[in-house]
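Take a look at the letters that make up each chain.
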Amino acid sequence: MARGLAVAWAVLGPLLWGCALALQGGMLYPRESPSRERKELDGLWSFRADFSDNRRRGFEEQWYRRPLRESGPTLDMPVPSSFNDISQDWRLRHFVGWVWYEREVILPERWTQDLSTRVVLRIGSAHAYAIVWVNGVDTLEHKGGYLPFEADISNLVQVGPLSSQLRITIAINNTLTPTTLPPGTIQYLTDTSKYPKGYFVQNTYFDFFNYAGLQRSVLLYTTPTAYIDDITVTTSVEHDSGLVNYQISVKGSNLFELEVRLLDAENKLVANGTGTQGQLKVPGARLWWPYLMHERPAYLYSLEVRLTAQMSLGPVSDFYTLPVGIRTVAVTESQFLINGKPFYFHGVNKHEDADIRGKGFDWPLLVKDFNLLRWLGANAFRTSHYPYAEEVLQMCDRYGIVVIDECPGVGLALPQFFNNVSLQNHMRVMEEVVRRDKNHPAVVMWSVANEPASHLESAGYYLKMVITHTKALDPSRPVTFVTNSNYAADKGAPYVDVICLNSYYSWYHDYGHLELIQQQLTTQFESWYKTYQKPIIQSEYGAETIVGFHQDPPLMFTEEYQKSLLEQYHVVLDQKRRKYVVGELIWNFADFMTEQSPTRVLGNKKGVFTRQRQPKSAAFLLRERYWKIANETRYPYSIAKSQCLENSPFT
Ligand code: BDP
């Protein structure tokens, strides 16, 4: 029996999560351990887009039954990457419908012979709907991009002498409909004088290119047949002690013991426990502090979990190690508190976007972006407008970059998108986001949507439901959505903990009139605060800027205009940040690709860095500002320098 139930639920209840996830099973990041192996399937896959009129030829001809190359011509497609910008075939860039990926794999013999091993296929993300076959057998389906999904494929690989050869086929459909997240519509253009028969376009209601494909890693990993399925950690602080509350779910056995050890960064044991739930007390705990807020940012402990289960074939052990940062998050009427101290978000919005790889995960890009964030003195970002790869959040945990974790609730622009089917789907997506990201200390708030049509009554109900659900999933973090509605009209704002506002004064309104920004921004902040008495984050502001365009006095699209616009915003932000404004996130960290339109020149150019990660003039302005704010707000104030101050203009 599970041991160590010493601490009763009655005591732990308030500390642990109020409501279990409705999803079955956990989604722990696949880590190697003495009991777990990983085999990455990144590299070249075979690829074929189904260009047939109804896009269903692949299903009609059952392309998954045989090697894909036998169905017709295939391309080499790198994984991870978006498929859109890789080939020279323009049709692929704009393709809407089913694309097919396939990869053949040889498994280690032990994986196929050892019946106490469980083999799992895990797909980091497949945008937007995926069906997976293993050796032609329908194995897994998943709705929604940007989030991982997996299947136990042991039954398929532990079947006989030839089983070490595996063929994985994945069909992915990037079509966005009124009930997907993000939503979209397919429009058939029927005027035969203008369009060929059957002509249709995908309409989206967001401002980034709908890159698709296997954009994150695909991998196989093993666990024993009795295994640690999920771990949930929350932390709090009592005097100088850190409290680590854990809850562990085990699958594959009812007869097991769990040992839990918390190690510090030098691998010294600081606390231990047993059983599926408990609380570890760490006297003199080192806290997880955001970057630049403290001389020792982002301190991480390791929670080592060891499972020993009695199985018919003998005892089985499973090990999993989870990084844990001890920190608290709270919101008052006018402050966002981390570890009880006021925290000011001085950061960016990002996109997972660069060059020909589209949104494909890329280590050099990841490290470059974090170097730039630290250079900039940014302490936070929002995952606009979808959850980023898990490796990104791991970097945030390590570097102390605070995250507002946003789900793909973007483009909820039309009244018909607020329906019950979409609502159920949105709530399920939030379950998947929380399940995946709940243990990251860097994640301090959930964002359930960006710029929904929140002036609509139906949107008010919808947002209330999604926010309430998210709070039930995770009572330990505040919840928000990002609005661009008017304070008097917004029907969702009553339910958020922090008001997040996007505004583009002197860009989309009164363009060219930089002199109006201060008045309009002041009115914005004061009317929202008067109505809600909640802390406010300026979650977007910015200006389109083509690198190398110069004009003084400033004109739109020049580097001077971007700088001047930012400066005008900063005057008001400086007045209000001493009151109730708790953050500013520039739109955007870097230029990014969008659909083509007369208002976009090779994408959105509001980055302070180019898409190639080179600074525009505004980057230097922002850098000076962020380091200045960091110097003013760090805690304790006597502490002089963080690890990166040598890069700062204030050394
Ligand atoms: C905001 C959106 C963001 C856009 C930005 C812009 O939230 O996705 O890219 O405007 O227009 O409204 O640059």
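The shown structure was predicted, so the numbers you read here are calculated from the model rather than taken from an experiment.

**Notes on the domain arrangement of the chain**
In terms of domains, the chain is made up of domain 1 (37–174 + 210–223), domain 2 (225–324) and domain 3 (335–634). Computed over C-alpha atoms, the centres of domain 2 and domain 3 are 32 Å apart. Each partner contributes to the interface: domain 2 provides 16 residues, whereas domain 3 provides 26 residues. Of the roughly 1,700 Å² buried between domain 2 and domain 3 on both sides combined, carbon and sulfur atoms contribute 66%. The largest share of the area that domain 2 buries against domain 3 comes from Trp-288, Tyr-291 and Leu-292, three residues that together contribute 44% of it. Between domain 2 and domain 3 we count one salt bridge in total. For Asp-230, the salt bridge identified is with Lys-438, shortest N-O distance 2.6 Å.

**Considering the nonpolar core**
Nonpolar side chains tend to gather and get buried jointly when the protein is soluble and globular. Grouped together as the largest cluster of nonpolar side chains are 147 residues, with contacts concentrated most on Ile-231, Leu-303, Phe-336, Phe-345, Phe-370 and Phe-381. With eight residues, helix H12 (residues 617–633) is the single largest residue contributor to this core. Residues Ala-49, Met-77, Leu-166 and Leu-220 belong to the second largest nonpolar core, which totals 34 residues.

**Thoughts on the environment of Trp-289**
Checked against the element boundaries, Trp-289 lands in the loop between strand E17 (277–282) and strand E18 (301–311). Judged by its relative accessible area of 6%, Trp-289 falls in the buried class. In sequence terms Trp-289 and Leu-300 are 11 residues apart; their C-alpha atoms lie 9.9 Å from each other. Other than its neighbours up to four places away in sequence, Trp-289 contacts His-294, Arg-296, Pro-297, Ala-298, Ile-338, Asn-339, Lys-341, Gly-400 and Tyr-635.

**Comments concerning the environment of Val-201**
With respect to the helices, strands and loops of the structure, Val-201 is situated in strand E11 (residues 200–204). Residue classification places Val-201 among the partly exposed positions, given a relative accessible area of 26%. Along the chain, Val-201 and Ser-312 lie 111 residues apart, while their C-alpha atoms are 57 Å from each other. Residues contacting Val-201, with those up to four places away along its chain left out, are Thr-185, Ile-186, Gln-187 and Leu-189.

**As for the sheet that holds strand E23 (residues 345–349)**
Read around the closed barrel, eight strands run E23-E24-E25-E26-E27-E28-E29-E30, paired in parallel fashion. Pairwise comparison of adjacent strand axes, ignoring direction, gives a mean angle of 25 degrees for this sheet. Of the pairings in the sheet, the one linking strand E25 (residues 402–406) to strand E26 (residues 443–450) comprises four bridges and is parallel in character. Considered in E26, the bridge of Asp-405 is made with Trp-446. The strands touched by helix H10 (residues 517–532) are strand E27 (479–483), strand E28 (499–502), strand E29 (536–540) and strand E30 (581–586); relative to E29, the strand with the most contacts, the crossing angle is about 135 degrees.

**Notes on the site of the ligand**
Around the ligand, a shell composed of 13 residues is seen, among which Asp-207, His-385, Glu-451, Tyr-508 and Lys-606 lie nearest. Contacts to the ligand include Asn-604, whose side-chain N or O atom sits 2.8 Å from an oxygen atom. For the ligand, the accessible surface in isolation is 320 Å², of which the surrounding protein chains cover 91%. Here the residues of the shell around the ligand sort into four nonpolar, four polar and five charged.

**Considerations on the packing of aromatic side chains**
Applying the stated rule across the entire model yields 41 aromatic pairs. Plain terms: the ring middles of Phe-47 and Phe-83 are 5.5 Å apart, the flat faces sit at 35 degrees to each other, and that makes the pair tilted. Placement of Phe-47 in strand E2 (residues 43–49) and of Phe-83 in the loop between strand E3 (75–79) and helix H3 (90–93) is noted, with a sequence separation of 36 residues between them. Of the two residues, Phe-47 and Phe-83, neither departs from the other in class, the shared state being buried. Aromatic pair Tyr-505 and Tyr-569: ring centres 6.2 Å apart, planes at 20 degrees, arrangement stacked. Of this pair, Tyr-505 sits in the loop between E28 and H10 while Tyr-569 sits in helix H11 (residues 559–576), and the two are 64 residues apart along the sequence. Taken together, the ring pairs in this structure connect Tyr-146, Phe-206, Phe-208, Phe-370, Phe-381, Tyr-386, Tyr-388 and Tyr-399 into an aromatic cluster. The ring of Phe-51 has Arg-91 sitting right over it, with the charged end atom 3.8 Å from the ring centre.

**Concerning unusual backbone geometry**
A cis amide bond links His-127 to the next residue, Ala-128, at an omega of 10 degrees. Looking at the element boundaries, Ala-128 is found in the loop between strand E5 (117–123) and strand E6 (129–134). Following Leu-181, the chain continues into Pro-182 via a peptide bond in cis, with omega recorded as 0 degrees. Position of Pro-182 relative to the elements: it lies in the loop between strand E9 (165–173) and strand E10 (184–188).

**Thoughts on the packing of helix H6 (residues 363–376) against H12**
For the pair H6 and H12, the least separation of the axes is 8 Å and the interaxial angle reads 60 degrees. Together, Arg-374, Trp-375 and Leu-376 of H6 and Ala-619, Phe-620, Leu-622, Arg-623, Tyr-626 and Trp-627 of H12 make up the contact between the two elements. Looking at side-chain class alone, the contact of H6 with H12 contains seven nonpolar, no polar and two charged residues.

**Some remarks on the packing of helix H8 (residues 420–437) against helix H9 (residues 457–473)**
The geometry of H8 relative to H9 is characterised by a closest axis approach of 10 Å and an angle of 25 degrees between their N-to-C directions. Here H8 lies roughly parallel to H9, going by the angle between them. In terms of crossing hand, the pair formed by H8 and H9 is right-handed. Residues Ser-422, Leu-423, His-426, Met-427, Met-430, Glu-431 and Val-434 of H8 touch H9, and the partners they reach there are Tyr-461, Tyr-462, Met-465, Val-466, His-469, Thr-470 and Leu-473. In terms of residue class, the contact of H8 with H9 is made up of nine nonpolar, four polar and one charged.

Reading the values: rules and limits
Residues numbered from 1 in each chain as written. Predicted model: local features only at pLDDT ≥ 70, side-chain atom pairs only at ≥ 80, totals over all residues. Heavy atoms only, no water. Domains from an automatic or database assignment. Contact = heavy atoms within 4.5 Å. Buried area = accessible area lost by both parts, 1.4 Å probe. Salt bridge = Lys/Arg side-chain N within 4 Å of Asp/Glu carboxyl O. Core = buried A, V, L, I, M, F, W, Y, C linked by side-chain atoms within 4.5 Å. Buried < 20%, exposed > 50% of the residue type's maximum accessible area, 1.4 Å probe, protein only. Helix = DSSP H or I, 4+ residues; strand = E, 2+ residues; numbered from the N terminus. Pairing = 2+ DSSP bridges. Axes fitted to C-alpha atoms, helices over the stretch in contact; angles between N-to-C directions. Near = heavy atom within 4 Å. Polar contact = N/O pair within 3.5 Å; in protein donor to acceptor, adjacent residues only side chain to side chain. Areas by Shrake-Rupley, 256 points an atom, 1.4 Å probe, with all protein chains shown as cover. Nonpolar A, V, L, I, M, F, W, Y, C, P; charged D, E, K, R; others polar. Phe/Tyr/Trp six-rings, centres within 6.5 Å; stacked < 30°, edge-to-face > 60°. Lys NZ or Arg CZ within 6 Å of the ring centre and 35° of its normal. Parallel < 35°, antiparallel > 145°, perpendicular 65-115°, else oblique. Left-handed = near helix turned anticlockwise from the far one by under 90°.

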